[in-house]
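# Fold and contact review
Spelled out, the chains give:
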Amino acid sequence: MRPKFFGQYLLENCLITKDELLEALRFQNTKLKRLGEIACQKGYLDNKKVEDINSAQRDEDMLFGLLAVKMGYLNEKQLDELLTIQRNNHIYLGEAVVHKGFMSKEALERELERFHKEQEVVKSVQDIVPDDNPEHDELIAILDITVKILRRAGNVLSKIGNLETQTKQLNNSFAFASVKFIGDSGFEYFLNFPQNIAFNISRSLYNIPEMEFDLETVFDAISEFANIIAGNVKAQLLEYGKKLEISPPLCIWNEEKQIIEIPENKIALIFPSVTPEGDFIVGIIKDR
Amino acid sequence: MKVLIVDDSRLAVFSLKEVLSRIEEVEIVGIANDGEAGYRLYRELEPDLVIMDMVMPGVSGSECTKQIFEHDPSAKIIVVSGVGGAQDKIYEELEKGAITVISKPFEEKVIRNAIEQIMK
């Protein structure tokens, strides 16, 4: 599978041990300048305000910078500047691994190339989501990861179609799986598969041809599939500075519910998509 | 090696059973579908290894891992999760004491490698 975090890639491929990874991460952290520290150096915050923000963080699960803006201690422009300074002073995990002598520089370069090749955003997805869309990061992450996981885990090649909006209701073609995201942004991610694609994904997900797939197992598999995508989206969005939690997945069968109601205060952004085996829909339901 | 699986996905459990059945030294002693049952079975069965999912209804895998380590700091836990890719989560679970964190859907060789490392 495609992990988002380079450390996990190294671990899963037995390129370093758990203790080496933890040591490299600790070393990386010692080199990381805290946002509060940089803000004090720039004169945007003082120690008292940093303490206030740290203390507020205990009650509110938000990143330091976002909370500082929310509390009126920093403006957006200052936060951007501080994040840029922090990024420029950051050392990468790979550098920490080499510095600690857990890998050679050559091996690191080789592995990074493999890792980054898997990480590239699918080009067609970038063209579909307009830059000015308020959910740009969320939609790019969702569509990119959906396409990749469909291909890698579901053995399904897909092409995402153009954005459409829908209110009131959605038709459930067979299996409607959804996961709620709560935190720095809130929305419900969903996938709606016809029967043949749902069965294909179920068979491919863990590559267990000997298993008999009844309907219950297929719905379980599609839930699991949505959960895996959501987990990866969550990880991707964290890299964009958005901290989100996900709910356990739900999968609704069309015989149980043919129509998925969209509440009045919400709207669905849908991407009708195609595969050689048929069409499916991916999208989000969000506040209007 | 006695193994307890804690995962709410039937398919993931089926797949883990398949993979583990091909490792001679492994015996699956219990399967739990949520964190609450996972912790209860851990105390009852005293397995040598737990394979733990993260996102489950009710008590999450993360909470169950915490409870198990509080009860038995020498517990061996492999986290197998769809949310495995998030750096903060991985760091958190490894710091808690998990042996490793594996992304779903897992490959057989990755599970095998992790178990072989524990058996060494």
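## Looking at the overall build of chain B
Across its full length, chain B holds five helices and five strands. Element order for chain B, N to C, with α for helix and β for strand: β-α-β-α-β-α-β-α-β-α. Over its C-alpha trace chain B gives a radius of gyration of 13 Å, about what one expects of a compact globule, namely 14 Å for 120 residues. In terms of its C-alpha atoms, chain B occupies a principal-axis envelope of roughly 30 × 30 × 30 Å. Long-range contacts, defined as pairs at least 24 residues apart, comprise 58% of the intrachain contacts of chain B with a sequence gap of at least 6.

## A closer look at the pairing of strand β5 (residues 100-103) of chain B
All names here are of chain B. Residues Thr100 and Ile102 of β5 are buried on one face, and the alternating residues Val101 and Ser103, pointing to the opposite face, are buried as well. One ladder, built from four bridges, connects strand β4 (residues 77-81) with β5; its direction is parallel. Paired with valine 80 across the strands is isoleucine 102, a residue of β5.

## Notes on the packing of helix α12 (residues 215-239) of chain A against helix α1 (residues 10-21) of chain B
Interhelical geometry of α12(A) versus α1(B) gives an angle of 95 degrees and a closest axis separation of 7 Å. Comparing their axes, α1(B) and α12(A) come out roughly perpendicular. Contacts between α12(A) and α1(B) pair A:Thr217, A:Asp220, A:Ala221 and A:Glu224 from the former with B:Arg10, B:Leu11 and B:Ala12 from the latter. Across the contact of α12(A) with α1(B), the residue classes break down as three nonpolar, one polar and three charged.

## What about the pairing of strand β3 (residues 49-52) of chain B?
Residue and element names in this part refer to chain B. Along β3, one buried face is formed by Leu49 and Ile51 and the opposite face, lined by Val50 and Met52, is buried too. By the bridge criterion, four bridges tie strand β1 (residues 2-6) to β3 in an arrangement that is parallel. Its bridge partner lying in β3, valine 6 is registered against methionine 52. Where β3 lies against β4, three bridges are found, and the strand directions are parallel. Within the sheet, the bridge partner assigned to isoleucine 51 lies in β4 and is isoleucine 78. Chirality of the crossover, the property in question, places the unit of β3, helix α3 (residues 61-71) and β4 among those that are right-handed.

## Topic: the interface of chain B and chain A
Between chain B and chain A, the contact holds 31 residues from the first and 32 residues from the second. Broken down by secondary-structure element, the contributors of at least two residues to the side of chain B that touches chain A are α1, α4 (87-96), β5 and α5 (108-119) of chain B. For the side of chain B that touches chain A, the element with the highest residue contribution is α1(B), accounting for six residues. Split into classes, the residues belonging to the side of chain B that touches chain A amount to 17 nonpolar, ten polar and four charged.

## A closer look at the nonpolar core
Within the largest apolar cluster, 104 residues are counted, with the highest numbers of intra-cluster contacts made by A:Leu143, A:Ala175, A:Ile222 and B:Ile78. The element best represented in this core is α12(A), accounting for 13 residues. Here this core spans two domains, and each of domain 1 (6-118) and domain 2 (123-287) of chain A adds at least three residues to it. Here A:Ile222 is in contact with A:Ala175, A:Ala177, A:Phe193, A:Ala198, A:Ile201, A:Ser202 and A:Cys251, once residues within four sequence places are set aside. Counting residues in each nonpolar core, the second largest holds nine residues, with A:Ala39, A:Leu45, A:Ile53 and A:Tyr73 among its members.

## What to know about the domain arrangement of chain A
Assigned domains within chain A: domain 1 (6-118) and domain 2 (123-287). Distance between the C-alpha centres of domain 1 of chain A and domain 2 of chain A: 30 Å.

## Some remarks on the confidence of the model for chain A
Caution is warranted with low-pLDDT regions, since their predicted coordinates should not be read in detail. Across chain A, pLDDT averages 88, with 97% of residues at or above 70. The element-level mean pLDDT for chain A is lowest in helix α9 (residues 123-128) of chain A, coming to 79, with strand β5 (residues 187-193) of chain A highest at 96.

## What about the sheet that holds strand β2 (residues 27-32) of chain B?
All names here are of chain B. Judged by pairing direction, the sheet is parallel, and its five strands sit side by side in the order β2-β1-β3-β4-β5 without closing on themselves. Each edge of the open sheet is held by one strand with a lone partner, namely β2 and β5. Ignoring which end each strand starts from, the neighbouring axes of this sheet average 20 degrees apart. Pairing of β1 with β2 involves five bridges; the strand directions are parallel. Of the residues in β2, the one forming a bridge with valine 3 is isoleucine 28.

Rules used throughout
Per chain, residues are indexed from 1 in the order of the written sequence. Lettering of chains starts at A and numbering of ligands starts at 1, both following the order in which they are written. Thresholds applied to this predicted model are a pLDDT of at least 70 for local features of residues and 80 or more for the giving and counting of side-chain atom pairs; totals over whole chains, interfaces and linings are not thresholded and use all residues. Helix and strand definitions here come from DSSP, where helices need a minimum of 4 consecutive H or I residues and strands a minimum of 2 consecutive E residues; each element is numbered from the N-terminal end. With the radius of gyration taken over C-alpha atoms, the globule rule is written as 2.2 Å times the number of residues to the power 0.38. In this description, a residue-residue contact is defined by the distance between C-beta atoms placed from the backbone, which must lie within 7 Å. Burial in this document is a count-based property: other C-beta atoms within 10 Å of a residue's C-beta are tallied, and the residue is buried at 20 or more, exposed at 12 or fewer, or partly exposed in between, with C-beta positions derived from the backbone. Two strands qualify as a pair provided DSSP detects at least 2 bridges between them. Interaxial angles span 0 to 180 degrees and are taken between N-to-C directions of axes, which are lines fitted to C-alpha atoms, for helices over the stretch in contact. Roughly parallel refers to an angle under 35 degrees, roughly antiparallel to one over 145, roughly perpendicular to one between 65 and 115, and oblique to any angle outside these ranges. Under the scheme applied here, ten amino acids are nonpolar (Ala, Val, Leu, Ile, Met, Phe, Trp, Tyr, Cys and Pro), four are charged (Asp, Glu, Lys and Arg), and all others, including Gly, are polar. Here the term right-handed applies to a crossover when the path leading from its first strand over the helix to its second strand runs clockwise, the strands being oriented away from the viewer. As used here, a nonpolar core is made of buried Ala, Val, Leu, Ile, Met, Phe, Trp, Tyr and Cys residues. They are joined through C-beta atoms within 7 Å. Note: domain ranges come from an automatic or database domain assignment. pLDDT gives the predictor's per-residue confidence on a scale running from 0 to 100.

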